[in-house]
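# Overview (structure and organization)
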4 protein chains.
Amino acid sequence: MSHNSFGNLLKYTTWGESHGEAIGCVVDGFPAGIPINKKYIQTRLDLRKPGQSKFTTQRKEKDEVNILSGVFNGKSTGAPISMIIYNSDHRSKDYSEIKNKFRPGHADYTYFMKYKNYDYRGGGRSSARETAMRVAAGALAELLLKKISKNKINISSAVIQIGNERIENKTWNINFINKNPFFSPNKSILKKWEDLILTHRKNGSSLGAVIEVRVSNCPVGIGEPIYQKLDSELSKAIMSINAVKGIEFGTGFDLVNYDGTNGSDQINFNNNKINFHSNHAGGILGGISSGQDIIFRYIVKPTSSVLSEKNTITKNFKNTKIKTKGRHDPCVGIRAVPVGIAMTNFVIADFLLIHKSKSL
Amino acid sequence: MSHNSFGNLLKYTTWGESHGEAIGCVVDGFPAGIPINKKYIQTRLDLRKPGQSKFTTQRKEKDEVNILSGVFNGKSTGAPISMIIYNSDHRSKDYSEIKNKFRPGHADYTYFMKYKNYDYRGGGRSSARETAMRVAAGALAELLLKKISKNKINISSAVIQIGNERIENKTWNINFINKNPFFSPNKSILKKWEDLILTHRKNGSSLGAVIEVRVSNCPVGIGEPIYQKLDSELSKAIMSINAVKGIEFGTGFDLVNYDGTNGSDQINFNNNKINFHSNHAGGILGGISSGQDIIFRYIVKPTSSVLSEKNTITKNFKNTKIKTKGRHDPCVGIRAVPVGIAMTNFVIADFLLIHKSKSL
Amino acid sequence: MSHNSFGNLLKYTTWGESHGEAIGCVVDGFPAGIPINKKYIQTRLDLRKPGQSKFTTQRKEKDEVNILSGVFNGKSTGAPISMIIYNSDHRSKDYSEIKNKFRPGHADYTYFMKYKNYDYRGGGRSSARETAMRVAAGALAELLLKKISKNKINISSAVIQIGNERIENKTWNINFINKNPFFSPNKSILKKWEDLILTHRKNGSSLGAVIEVRVSNCPVGIGEPIYQKLDSELSKAIMSINAVKGIEFGTGFDLVNYDGTNGSDQINFNNNKINFHSNHAGGILGGISSGQDIIFRYIVKPTSSVLSEKNTITKNFKNTKIKTKGRHDPCVGIRAVPVGIAMTNFVIADFLLIHKSKSL
Amino acid sequence: MSHNSFGNLLKYTTWGESHGEAIGCVVDGFPAGIPINKKYIQTRLDLRKPGQSKFTTQRKEKDEVNILSGVFNGKSTGAPISMIIYNSDHRSKDYSEIKNKFRPGHADYTYFMKYKNYDYRGGGRSSARETAMRVAAGALAELLLKKISKNKINISSAVIQIGNERIENKTWNINFINKNPFFSPNKSILKKWEDLILTHRKNGSSLGAVIEVRVSNCPVGIGEPIYQKLDSELSKAIMSINAVKGIEFGTGFDLVNYDGTNGSDQINFNNNKINFHSNHAGGILGGISSGQDIIFRYIVKPTSSVLSEKNTITKNFKNTKIKTKGRHDPCVGIRAVPVGIAMTNFVIADFLLIHKSKSL
């Protein structure tokens, strides 16, 4: 049992608080002999990094990763890989005013009740700052996955809805995604989202988002029923990301509008390969990958730190009002995109190792 | 790592195939001294038992549970509790015709590709028959929970949508739920659901369902961030149930239509207790229970075994057609209700033990 | 965390009490496609079975194993394998007289204090009867190991000391071991041991034993430092066997009489293979197999159930005397031999799977 | 599964190589609200620190620990506690000469074969340098244990044999132990050990040692049968320490010289407490603490790095000779003492938390 670890054969553990000296992670079970390119890991971190556009928080963090162990002469050694990022811009004074008040929608109240203390400096351990280390660990998993799959498996993710604006154009342009500040899969909706976010930002409010993840070329057979199903582990992974309130695979909740006749994916064999007529299942049957694209979506709620005044209580259970002035994201879902990719990389890599161990 | 186990301090392992001799489970980590009433466990199993109404499968199973260990003189001893149910009506001849064909929407294909064999007799291990043992294990967890919480914690669940018919009347009548064949929370929609199911049954088709679970009086502080969050573990649990394709907490996916001003739950202190103005969060903040009702919903897809002919392939990758004649549920989601309750009981009981261990 | 489970990728869980209805185990993570020969498993159980000679307990148990799941058409399916043995000769009346007294040297007192109950019928869960299921699980691991290693890995074990009679003749005759009632590695000492045991048996006393295990042809590289070292896991495994009080590898405790010059194993390369000049290390360096024979020894204490009267207390903490009349082993160490083999098979098979998963 | 982690509810993970930039650990599952005194942790590290007397290695390491997370305002917060020690004196040039040769008795060969690489700089991950972090993690566990047990539980350890010189005087003076360079339990043998070590040091040789650990005032009921027995977990822990080749509890291997009449511990109740007439069992019955002192011993082999020339092979499997010139311990067992204490603290604290969770 490891509260702050994720994974099975491949496992990582994160540590560190939003406004502590540093954050870090240890990746264990990572095979030896994998080329580790620190610059590549940094490019993944840079995608999540705050302060990059006017659509995200203005907190400035270089998020420069340092590898302290487990890599020798450019390759993994089989020993645990320790990575660290020093917190550079942790202006904790921003938070002094709300030191004794629980921010509604944040974890202040539950952390305080559970641990009998809380780190008022930006949420401490409950802050999404922790997700930087998920990205670092996920980047390592990605390097492993590339090696195992000979670069075939590809995991991409995009925002498909911000507020009530859902993208209708289904084009999924992998090259475009990382080149626009919203991780939009195509440019059809950029203007609307820009307006929406700037308006909410000005009003001191924030927006939710729906994010889609796609895994292509995942081999058939990944996932370990009954309790380590691929969708089950992915759900656990994604639901552990801050502010995520739901996840669905394939046609998801909309499947309730289908019936047994049109809601499952027929199969045929053509051109020497298995084809499915549709992908209601999201690439997973019985908890095992089917070879189709694995597709899932998750909802990131609007961040609760807004400038309008709200009712709350103090640590002494007195009624009070709160306005949070910290630097926050008008649409935190955007920055969840690289985190979701990282988690997915980690889950898939872990399952591939397990699958490999059993293939006699 | 335990592919067929679930839980942490409290853990269960299931075994057995749909058409094997028996199915069973072992519950480990169960504290000593808890009164174990076998009849009570049986009543929980009876709620899930097939063949009880014309709205579920006609397979007849007595599902009579036998306790083989871990209980002495009516109380748990602290030793592992082994439970077994013999399969009585496993007419495997029903399946002989489809022995070499993969049923679309079922796990036949992926199991075959993963394990290089498959149990054509009703899906073998991938069958929802396994969930009977979840109900048995969950009933034990419920007995433990009742003891720990002095009967305060209550977990209830109901179907809130079948096909495109969502219940609008929000009344949640716990006493009514187990007394109607749909686990409906109130009687407002019974007639519509009845018609819908009987029509689909006649057409040899099937329907999906949305199920809601509510936990009341859960103490504040349950859940272990960052990677054993309460919602994360519940998602893992629920997503491991056959045919579930999505889960959401509180306002869930609909939160994308809220903003930072109206999408979080304000707090005040009145009448000597903490009150939240709303429950968008579904009773969980930062992965920890807040003391509000824990509320989540999940979608169970329409079962894929229908009488209409579908395209599929054989084990030798030849194109063919399939019509499944087995006895199946016109709305399998109905029978998922007691399973979801069982998993929720197990998750909460496990977390309460963990929480207890750290409370100095 | 699994109190009643052992293993990692390959895992088994045991359940059942000495005088309950049955005992059993579930083996999870077992790869698909391995031929499972129930008769072979039974031959392993027969080696441990009580009542086979005048040198072991007279309790009669057929120990007939039944496989309830996970095997289809003679091969493992990848699903959990459930095995059960019904207790046939559990004459609990033997124990009625000592119902309220703690047997010195047994776990009665500690079980009672920990669980606030105890199963006076032969020790309940703490009885060595549980080890029958280890033998069954170990036999499965052995079948897997044979398949993976193409029959090369061989695990043998023999008694090398009973009471103060240590065998001096170092001959290790694998074929002879299972053909004598003491699992002696050669016949040099049989007469002495026979006399010793019969004398102690007549006096109502018992004897301890030292057992040696040898693994030959284990590939180099098995074991996962730092905390899943091969010797560390083997120690955990062996020390969990009833009545074992110590374990040592290679030269073991006697290494304190060597120095840095003569206490390590020099290496050379001859005839196209690595040779070690000696085997002080017992085939393990840094927690990883070196390719040499893995050699370890463990001590099984004299069983504490003897006919002489001893001081003890009752469940109400009153001083009393006790004489145990149950049918017990004059040298329980003998019957530990197949158990130690089983655990070793399980540990090695588990590590081979892990190693395989990381070999890119 | 966590190759580089130890523990269950309370868990730590270590990382770092002997001659890397730093070593560190993350302690997870540590309860909130425990006062954390960094200076105390440092005093524990100082006991293990190299270069303190002429009887240990001359490598100079300040071993200054830094806490990076999980502690706020002097108390644990419930978040993972990350600790780091920078390697200051890692003169890797010492090792350049033996870069391509496997040191006999070290893990060079097995690491190379397993991971296809090895860190010739002092053994990399296989170096006992890793044990510094065990001491740091163990010190945290000790602080927790003191809090839970209200300072009652005490864990002490001493060297009882160096080379063939075993201490005969049984006095166990806790205050004396940490004040002599050998961790001897009394002064009776100091002169002999001093001579022995200095002689071996001069000859470029080294000595083995036997170490005893004693836990007093451990409550009855700690340990989780069948596979998380207290002695089983302690064995796993201790056997994972570098150079340990055996462990025994209570009378240990010598129990083979006892019989069922005199080899078990009779019980009586006097002066309102349970008394055992002897302690052959080492304070553990059936894997559960009995309330007696927990006593065990382990053997640390003579370190293999000696100045005499030995046969070995190169990475290319050519025969060669080796003389290791690094700065090594003439009796590395001495420095194992604080490590064994740390592991024992960790095991006991972990089990106390588990026990607490089940005590209804």
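Residues numbered from 1 in each chain as written. Chains lettered and ligands numbered in written order. Predicted model: local features only at pLDDT ≥ 70, side-chain atom pairs only at ≥ 80, totals over all residues.

## A short note on the overall build of chain A
Helix and strand counts for chain A stand at seven helices and 18 strands. Its C-alpha atoms give chain A a radius of gyration of 21 Å, within 12% of the compact-globule value 21 Å for 360 residues. When its C-alpha atoms are laid out on the principal axes, chain A stretches across 65 × 50 × 35 Å. Residue burial in chain A is summarised as follows: out of 360 residues, 64% are buried. (Helix = DSSP H or I, 4+ residues; strand = E, 2+ residues; numbered from the N terminus. Rg over C-alpha atoms; globule rule 2.2 N^0.38 Å. Buried ≥ 20, exposed ≤ 12 C-beta atoms within 10 Å, placed from the backbone.)

## Regarding the sheet that holds strand β11 (residues 244-249) of chain A
Here ten strands make up an open sheet; going across it, the order is β9(A)-β8(A)-β10(A)-β16(A)-β11(A)-β11(B)-β16(B)-β10(B)-β8(B)-β9(B) and the pairing antiparallel. Looking at the sheet topology across the chains shown, the edges are occupied by β9 (165-166) of chain A together with β9 (165-166) of chain B. Bridge count between β11(A) and strand β16 (residues 294-300) of chain A: five bridges; the pairing is antiparallel. Following the sheet pairing, A:F249 is matched in β16(A) by A:F296. Across the face of the sheet, helix α7 (residues 333-358) of chain A comes into contact with β8 (154-162), β10 (209-216) and β16 of chain A while running at roughly 30° to β10(A). (Pairing = 2+ DSSP bridges. Contact = placed C-beta atoms within 7 Å. Axes fitted to C-alpha atoms, helices over the stretch in contact; angles between N-to-C directions.)

## Quick word on the sheet that holds strand β3 (residues 22-28) of chain B
Spatially, five strands are ordered β1-β2-β3-β7-β4 (chain B) in an open sheet, and the strand pairing comes out antiparallel. This sheet does not close on itself; its edge strands, each paired only once, are β1 (5-7) and β4 (66-67) of chain B.

## Description of the packing of helix α6 (residues 230-239) of chain B against helix α7 (residues 333-358) of chain B
Residues and elements named next belong to chain B. Look at α6 against α7: their axes get within 10 Å of each other, and the N-to-C directions meet at 145°. Judged by the sense of rotation from one axis to the other, the crossing of α6 with α7 is right-handed. For the pair α6 and α7, the contacting residues are L230, E233, L234, A237 and I238 in the first and G340, M343, T344, V347 and F351 in the second. Residues belonging to the contact of α6 with α7 are distributed by class as follows: seven nonpolar, two polar and one charged. (Left-handed = near helix turned anticlockwise from the far one by under 90°. Nonpolar A, V, L, I, M, F, W, Y, C, P; charged D, E, K, R; others polar.)

## Remarks on the interface of chain D and chain C
Listed as interface residues are 86 residues of chain D and, on the opposing side, 87 residues of chain C. Listing elements by their share of the side of chain D that touches chain C, those giving two or more residues are β1 (5-7), α2 (108-115), β10 (209-216), α6 (230-239), β11 (244-249), β12 (267-270) and β17 (310-313) of chain D. Considering every element that reaches the side of chain D that touches chain C, the biggest residue donor is α6(D), with six residues. Examined bridge by bridge, strand β11 (residues 244-249) of chain C and β11(D) share three bridges and lie antiparallel to one another. Bridge assignment links C:I247 to a residue of β11(D), and that residue is D:I247.

## Structural notes on the relation of the copies chain D and chain A
Taken as rigid bodies, chain D and chain A are interconverted by a rotation of 180° and an axial shift of 0.0 Å, the fit giving an RMSD of 0.0 Å. Taken together, these values place the two copies in the relation of a two-fold axis. Taken together, the interface assignments show that 100% of the residues at the interface of chain D recur at the interface of chain A, consistent with an identical surface on both copies. (Least-squares fit on C-alpha atoms with pLDDT ≥ 70 in both.)

## Brief notes about the pairing of strand β17 (residues 310-313) of chain A
Residue and element names in this part refer to chain A. Bridge count for β17 against strand β18 (residues 319-322) is four bridges, and the pairing is antiparallel. Bridged to I313 within β18 is N319. In textbook terms, the turn of a hairpin is the stretch between consecutive antiparallel strands, and for β17 and β18 this stretch comprises five residues, one of which, F317, has a positive phi near 60°.

## Some points on helix α3 (residues 131-148) of chain C
All names here are of chain C. Between its first and last C-alpha, α3 extends 25 Å over 18 residues, near the 26 Å set by a 1.5 Å rise per residue. Most of α3 sits inside the fold, with 15 of its 18 residues counted as buried. Phi turns positive one or two residues past the end of α3, at K150, with a value near 50°. (Expected span 1.5 Å × (residues − 1).)

## Things to note about the nonpolar core
Counting 440 residues, the largest nonpolar core has A:A136, B:A136, C:A136 and D:A136 as the members making the most contacts within it. Those residues within four positions of C:A136 in sequence are excluded, and the remaining contacts are C:C25, C:I41, C:L45, C:V65 and C:M83. (Core = buried A, V, L, I, M, F, W, Y, C linked by C-beta atoms within 7 Å.)

## Digging into the confidence of the model for chain A
Residues with a pLDDT of 70 or more make up 96% of chain A, whose mean pLDDT is 93. With pTM at 0.97, the complex prediction returns an ipTM value of 0.97. (pLDDT = per-residue confidence, 0-100.)

## A word on the interface of chain D and chain A
Taken together, the contact between chain D and chain A spans 37 residues of the former and 37 residues of the latter. Of all the secondary-structure elements, those providing two or more residues to the side of chain D that touches chain A are β2 (11-16) and β3 (22-28) of chain D. A class-by-class count of the residues in the side of chain D that touches chain A yields eleven nonpolar, 18 polar and eight charged.

## Looking at unusual backbone geometry
Here the amide bond leading from A:P225 into A:I226 is cis, since omega sits at 0°, within 30 degrees of zero. Counting through the fold element by element, A:I226 comes out in the loop between β10 and α6 (230-239). Even without glycine at this site, A:N217 takes up a positive phi of about 65°. Along the chain, A:N217 falls in the loop between β10 and α6. Here the phi dihedral of B:K116 falls at roughly 60°; this positive angle occurs in a residue that is not glycine. One can find B:K116 in the loop between α2 (108-115) and α3 (131-148).

## Quick word on helix α1 (residues 38-48) of chain B
Along an α-helix, residues three or four apart share an orientation, since each turn contains 3.6 residues. All names here are of chain B. Every buried residue of α1 is accounted for by I41, R44, L45 and R48. End-on view of α1: buried residues confined to an arc of 100°, all on one side of the axis. Turned more than 90 degrees from where α1 packs its buried face, K39 and T43 sit exposed. (Arc of directions from axis to C-beta.)

## Describing the relation of the copies chain D and chain C
Mapping chain D onto chain C calls for a rotation angle of 180° and an axial translation of 0.0 Å; the resulting RMSD is 0.0 Å. In this assembly, 100% of the residues forming the interface of chain D have copies in chain C that are likewise at the interface, indicating an isologous arrangement.

## A word on the environment of A:T57
Residue and element names in this part refer to chain A. You can see T57 is positioned in the loop between α1 (38-48) and β4 (65-67). Residue class for T57 comes out partly exposed when judged on the 19 C-beta atoms lying within 10 Å of it. Separated by 211 residues in the primary sequence, T57 and N268 have C-alpha atoms spaced 49 Å apart.

## A short note on the packing of α3(C) against helix α7 (residues 333-358) of chain C
All names here are of chain C. As a packed pair, α3 and α7 sit with axes 7 Å apart at the nearest point and diverge in direction by 45°. One way to sum up the angle between α3 and α7 is to call them oblique. Crossing angle aside, the handedness with which α3 passes α7 is left-handed. Residues T131, R134, V135, A137, G138, A139, A141, E142, L144, L145 and I148 of α3 form the contact with α7, whose participating residues are P338, V339, I341, A342, M343, N345, F346, I348, A349 and L352. In the contact of α3 with α7, the residues fall into 16 nonpolar, three polar and two charged. (Parallel < 35°, antiparallel > 145°, perpendicular 65-115°, else oblique.)

## Points about the environment of C:T14
Along the chain, C:T14 turns up in strand β2 (residues 11-16). Spatially, the C-alpha atom of C:T14 lies 9.1 Å from that of C:A137, the residues being 123 residues apart in sequence. Filtering out sequence-adjacent residues up to four positions away, C:T14 remains in contact with C:N4, C:C25, C:E130, C:M133, C:R134 and D:I226.

## Observations concerning the environment of D:P31
Position of D:P31 among the secondary structure elements: in the loop between β3 and α1 (38-48). Since 22 C-beta atoms lie within 10 Å of it, D:P31 is described here as buried. With 44 residues separating them in the primary sequence, D:P31 and D:K75 have C-alpha atoms 10.0 Å apart. Residues within four places of D:P31 in sequence aside, it is in contact with B:K358, B:L360, D:S76, D:G78 and D:L144.

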